[in-house]
There are 2 protein chains.
Amino acid sequence: MMREVAVVGIGETRFGNLAESSLRDLIREAGEKAIADSGVPKESLQALYVGNFNSSFLCGQSHLGALTAEELGLKNIPTTRIENACASGGLAFRTGMLMVALGVYDFVLVGGVEKMTHQETEIVTSALASAADSDSETELGATFPSLFAMIANRYMHEFNTPREHLAMVAVQNHDNALLNPDAQMHKKITVEKVLSGFPVASPFTIYDCSLISDGAVFVVLTTKEIAKSLHSERPLVEAIGSGHSGDSIRLALKKSLTTFDATVQAAKQAYEMSGVGPEDIDLAEVHDCFTITQIINSEDLGFFDKGKGGFAVENGLTRIDGDMPINPSGGLKAKGHPIGATGLSQIYEVVMQLRGEAGERQVRNARLGLAHNIGGTAATCCVHILRRDG
Amino acid sequence: MMREVAVVGIGETRFGNLAESSLRDLIREAGEKAIADSGVPKESLQALYVGNFNSSFLCGQSHLGALTAEELGLKNIPTTRIENACASGGLAFRTGMLMVALGVYDFVLVGGVEKMTHQETEIVTSALASAADSDSETELGATFPSLFAMIANRYMHEFNTPREHLAMVAVQNHDNALLNPDAQMHKKITVEKVLSGFPVASPFTIYDCSLISDGAVFVVLTTKEIAKSLHSERPLVEAIGSGHSGDSIRLALKKSLTTFDATVQAAKQAYEMSGVGPEDIDLAEVHDCFTITQIINSEDLGFFDKGKGGFAVENGLTRIDGDMPINPSGGLKAKGHPIGATGLSQIYEVVMQLRGEAGERQVRNARLGLAHNIGGTAATCCVHILRRDG
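Conventions used here
- Residues numbered from 1 in each chain as written.
- Chains lettered and ligands numbered in written order.
- Predicted model: local features only at pLDDT ≥ 70, side-chain atom pairs only at ≥ 80, totals over all residues.
- Heavy atoms only, no water.
- 1 Å grid on protein atoms, 1.4 Å probe; cavity = no way out; pocket = protein on both sides within 12 Å on 5 of 7 lines; lining within 4 Å.
- Points joined across faces, edges and corners; volume = space filled by probe spheres on them.
- Helix = DSSP H or I, 4+ residues; strand = E, 2+ residues; numbered from the N terminus.
- Nonpolar A, V, L, I, M, F, W, Y, C, P; charged D, E, K, R; others polar.
- Contact = heavy atoms within 4.5 Å.
- Buried area = accessible area lost by both parts, 1.4 Å probe.
- Salt bridge = Lys/Arg side-chain N within 4 Å of Asp/Glu carboxyl O.
- Polar contact = N/O pair within 3.5 Å; in protein donor to acceptor, adjacent residues only side chain to side chain.
- Least-squares fit on C-alpha atoms with pLDDT ≥ 70 in both.
- Buried < 20%, exposed > 50% of the residue type's maximum accessible area, 1.4 Å probe, protein only.
- Patch = residues over 30% accessible without salt bridge, like charges linked within 9 Å, V, L, I, M, F, W, Y side chains within 5 Å.
- Areas by Shrake-Rupley, 256 points an atom, 1.4 Å probe, with all protein chains shown as cover.
- Axes fitted to C-alpha atoms, helices over the stretch in contact; angles between N-to-C directions.
- Parallel < 35°, antiparallel > 145°, perpendicular 65-115°, else oblique.

**Focus on the layout of surface pockets**
Considering only enclosed or pocket space, the largest pocket measures out at about 800 Å³ in volume. For the largest pocket, the lining is made up of 33 residues, of which Leu-128, Cys-209, Ser-210, Leu-211 and Ile-212 of chain A are closest to its centre. Tallying contributions element by element places helix H5 (residues 121–129) of chain A first for the lining of the largest pocket, with five residues. Across the lining of the largest pocket, the residue classes tally to 20 nonpolar, 11 polar and two charged. Estimated volume of the second largest pocket: approximately 660 Å³. Around the second largest pocket, the lining is made up of 30 residues, and of these Leu-128, Pro-145, Cys-209, Ser-210 and Ile-212 of chain B lie nearest the centre. Looking at the lining of the second largest pocket, the elements that each hand over two or more residues are helix H5 (121–129) and helix H6 (144–159) of chain B. The dominant element in the lining of the second largest pocket, judged by the number of residues it contributes, is H5 of chain B, at five residues. Of the residues assigned to the lining of the second largest pocket, the class counts are 19 nonpolar, nine polar and two charged.

**Notes on the interface of chain A and chain B**
In this assembly, 53 residues from chain A lie in contact with 53 residues from chain B. When the two sides are added together, the surface that chain A and chain B hide from each other amounts to roughly 4100 Å², 46% of it contributed by carbon and sulfur. Counting across the interface, chain A meets chain B through eight salt bridges. Linking chain A with chain B are 34 residue pairs in polar contact (both at pLDDT 80 or more), by the criterion used here.

**Here's the deal with the relation of the copies chain A and chain B**
With an RMSD of 0.0 Å, the fit of chain A onto chain B corresponds to turning through 180° and sliding 0.0 Å along the axis. Here the two chains are linked by the operation of a two-fold rotation axis. Most of the interface of chain A is mirrored in chain B, where 100% of its interface residues are also at the interface.

**Focus on the side chain of Thr-79 of chain B**
Mapped onto the elements of the fold, Thr-79 of chain B is located in strand S3 (residues 79–83). Taking relative accessible area as the criterion, Thr-79 of chain B reaches 2% and is therefore assigned buried. Among the polar contacts made by the side chain of Thr-79 of chain B, one reaches the main-chain amide nitrogen of Ala-66 of chain B at a distance of 3.4 Å. Not counting residues within four places of it along the chain, the set of residues in contact with Thr-79 of chain B comprises Asn-84, Leu-91, His-244 and Thr-380 of chain A together with Leu-48, Gly-65, Ala-66 and Ala-69 of chain B.

**Details of a nonpolar patch on the surface**
All names here are of chain A. A cluster of nonpolar side chains, Phe-198, Val-200 and Ile-206, forms an exposed patch at the surface whose accessible area comes to about 290 Å². Turning to its location among the elements, Ile-206 is positioned in the loop between strand S6 (204–205) and strand S7 (215–223). Residue Ile-206 is classed as partly exposed on the basis of its relative accessible area of 43%.

**Concerning the packing of helix H4 (residues 88–101) of chain B against helix H14 (residues 339–355) of chain B**
A pair of packed helices is characterised by two quantities: the angle between their axes and the separation of those axes. Residues and elements named next belong to chain B. The interhelical angle for the contact between H4 and H14, taken along N-to-C directions, is 60°, at an axis separation of 5 Å. Between H4 and H14, the angle is such that the two are oblique. Each of Ser-88, Gly-89, Gly-90 and Phe-93 in H4 lies in contact with H14, whose residues at this interface are Gly-340, Gly-343, Leu-344 and Ile-347.

**Considering the environment of Ala-6 of chain A**
Residue and element names in this part refer to chain A. Within the secondary structure, Ala-6 is located in strand S1 (residues 5–12). Its relative accessible area of 1% is what places Ala-6 among the buried residues. Between the C-alpha atoms of Ala-6 and Asp-247, which are 241 residues apart in sequence, the distance is 29 Å. Look past the residues within four positions of Ala-6 in its chain and what remains in contact with it is Val-220, Leu-221, Thr-222, Thr-223, Lys-224, Ala-227, Leu-236, Val-237, Glu-238 and Ala-239.

Okay, here's the thing in structure tokens:
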């Protein structure tokens, strides 16, 4: 029998090129904010889960669970670092959520962090490429932009999608990020600007690609029962659904390039667990490492019919004031993509929205939110559904 | 309410300098062996947990959960890579065990792997050093041999321990490894040989240090109930206790250099959960990254009084035919230390012993075994207790 779980505290750093902040600085800032926001005394925290992709390579620092606990002054708590490429943060959240739901711990801290911008671009590219298959992809020259560009080309071919639809995803996410003080990008762009941007891998220009970012996000989880006694001054946010699925790490072995099986299955699990469907969701943070990724996943999550995700963007459905708001935070594309933190950045945004604390980017009457996080070319997927109680 | 968990399948590669085997080869060999040994059809496996320390850096390959599932032909199962330095394998086991115990999954595959020997020694040293604190330890020139050498010097000072006691740990573990066909070292050594070995960090010579190894180990977990229906031909092995604790990543912040808090606390949890005490344990695999590590941990696990661990080795208590056999496999010191696989290598040995399949190194009447795995300078510790049913 699972216990009901609440997200009782959240904290994040600004995302961006944070040259003045070390890995430890990022952890301390976001971790302390989340703990303070939760009202849970440090001594009560019983376990820590940390999502981090590749600080082993980028910072010469592994064993981030122990480092994080030490930096936050959490004595002797059990720590676990989780790494599933860009889904590390979402998977850390799921693991912590299950531990509370199943009664292993009453108070869990979950964090995600990545420090990337201090390295040269080639080093960062190598670090990122390690999320693909080294033998059959990376060693042959594939990078993530090139892999997702193949996906984009196939999708545009199958569904007669105008190139402009991809660009519109970028434009909209940049618009949303203008309303997010923690976002890396505060820069309005246009479809023309995207199309004429620096070419990366056809059809992508630089504006179709997510950012290289430093950042950290932490959340505190406890039972709904306990959470009720902690904060009467604001709405309680519950985590009511969780799904986790996988697929081959090699793009060549996937059944389809235009449907992500891992997303379809993780979403199915999360919907079943929570008893809600895609039609009930008021807003979603959807993994948008590239513009095409958001479109495909928005379909695989059940928000739009296959092939219609781009049209939904064109018609304004995914805007903050649309019928199905997607990435009000600005997404990976414009809020930023500090890899290990990204899945928790999505949770952070959903909690802000459900609490009604999202300021200028607030989605009206937000009661149910979804966070969708993938790793690699959708070789890992985690989907979470959160609800405002009352 | 927790369900009873059984280890129903085990498989491992030989440990050593396996130049002919890639990361994928190691995974395939050990994974297929474990699945075959379990009798569980591949299609029934519902989740995968992989312990890996640093293939991101050593092999340019992250996202090992997805890679492993693909290599073993496990379609669309959820995967999780876990990294807590040298405790990655033990922690992967704990996470999988909890998921079965708590009813999230009925069949879980847990693996650990590391491919190290293809890299130059300096690269391996850098990779290993990332398990310590980069700012205050690694950057100042500390390496794991030097950190544990400080611990050894303090221990010898506090307890008047003869240098020879450390050497005797190495001699005994080499003796045991001679009886283990999968062990990397098959070489008898003497106390004199250890003392006159190549100096590494005083008091350690090369013979006080564990090995750089390639290797993989996988296990299959299910409920005791299901396990009973799978194998009537051999004893059933249950996982009855699990403990997980932590400590500061920096050696300088630890309360004591000669007691590992994380071990003491993880052991306490595992003993409480299983309802047995150190006096009930028939054999233990104890983390011996350096000779001193085994001695200190054998005390912190409650097998010997503080300061007496070396005397226990001298008096033969820890031999395979002694009162408290330790590291019958040969341990990290002589079986080998493929980092991410090490915690599972200990589980493998305990299961072999409890099944009565350990051949020449069989501990007589082995009914209760313990596996103890630490990461860094004991900044993470996992302790597991296994029992032969019937």
